[in-house]
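# Analysis of the macromolecular model
Okay, here's what each chain looks like letter by letter:
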Amino acid sequence: MRVVIQDNYEKMSKWAADYIANKIRSHKEDRPFVLGLPTGSSPIGVYQELVRQNQAGELSFANVVTFNMDEYVGLDHDHDQSYWYFMHDNFFNHLVDMKPENINILNGMATDPEAECAAYEEKIASYGGIDLFMGGIGVDGHIAFNEPYTSLNSRTGLRKLTTDTRIVNSRFFGNDPEKVPAMALSVGVGTVCDAKEVMILINGHNKARALAKTVEGDVSHKWTCSALQLHNGAIIACDEEACGELTVDTYKYFLDIERDQRL
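Scope of this entry: the structure provided in the associated data block. (Residues numbered from 1 in each chain as written. Predicted model: local features only at pLDDT ≥ 70, side-chain atom pairs only at ≥ 80, totals over all residues. Heavy atoms only, no water.)

Glancing now at the sheet that holds strand β2 (residues 33-37). Sheet strands pair by backbone hydrogen bonding; their relative direction is either parallel or antiparallel. Spatially, the 7 strands line up as an open sheet ordered β1-β10-β9-β6-β2-β3-β5, and their pairing is parallel. The open sheet has two edge strands with one neighbour each: β1 (2-6) and β5 (103-104). Alignment of strand β3 (residues 64-68) against β5, held across 2 bridges, turns out to be parallel. Looking across to β5, one finds that F67 is bridged to N104. (Pairing = 2+ DSSP bridges. Helix = DSSP H or I, 4+ residues; strand = E, 2+ residues; numbered from the N terminus.)

One finds I202, L211, I236 and C238 to be the most contacted residues of the largest nonpolar core, which totals 36 residues. At the level of secondary structure, the elements contributing two or more residues to this core comprise β1, β3, α4 (113-126), β9 (197-202), α7 (208-216) and β10 (234-239). Looking at this core, the element that brings in the most residues is α7, giving 4 residues. Dropping the residues within four chain positions of it, I202 is found in contact with M12, I137, K207, L211, T214, I236, A237, C238, D239 and A242. The next biggest cluster of nonpolar side chains, apart from the first, holds 33 residues, and it includes A21, L35, V64 and M199. (Core = buried A, V, L, I, M, F, W, Y, C linked by side-chain atoms within 4.5 Å. Buried < 20%, exposed > 50% of the residue type's maximum accessible area, 1.4 Å probe, protein only. Contact = heavy atoms within 4.5 Å.)

By volume, the largest pocket amounts to about 850 Å³. Forming the walls of the largest pocket are 37 residues, and the residues nearest its centre are G40, S41, H142, N169 and R171. Mapped onto the lining of the largest pocket, the elements with two or more residues apiece are β4 (70-72), α3 (83-90) and α5 (163-169). Taken together, the residues of the lining of the largest pocket sort by class into 15 nonpolar, 15 polar and 7 charged. (1 Å grid on protein atoms, 1.4 Å probe; cavity = no way out; pocket = protein on both sides within 12 Å on 5 of 7 lines; lining within 4 Å. Points joined across faces, edges and corners; volume = space filled by probe spheres on them. Nonpolar A, V, L, I, M, F, W, Y, C, P; charged D, E, K, R; others polar.)

Quick look at the structure:
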């Protein structure tokens, strides 16, 4: 596991965007570069930098296929809190050469959610898997909507959201947890960990415990983020504020080992 510690959110976002851009540019296979993407506040800075590079002609998305992590059940594309809406508003609509047919987001209005999730897994496999899956984590360490105690081998499926998650997300729904959908479609922990590389963004003091559990804790389905310890291509991109609960030796180790690394 790599843990890349940056001074602040802006530098973390720039590092992560540059890493992704470098992977896209260096992709030489005949098939497209397959990129897994999250929603939430953590990736917004990354999206802004990728858009900047794309609009400046420094980076092309013409040969990139994307798969998003999750979507609320019961929200259509036009709902301003759907993740389809979020991704287009914050990212896809601003890219000059992203092909709409290369964008994959779970359909929260699917009449058969199980079939929708199975088809999603099949489509990922049809591209040869995901090259790089970027994600964030919740304060309880959940990846996508894989709440605590979700199997670390889980696949894309229907997830019931915890009360805590609905309370946290209620800030987008008029601060009313009851307005937050109770169910979501989500890739599984196993789906994420099948990617060749997984990059998790962790920023802010409120994520400090989750970062410590991800890096130093036991592998446990209580903290689904801990599954990254078993991944050969796991990267944590974090800011200083998120490092508050790492032991001093761990903090110093990763600063030292990453000192001369560029990307």
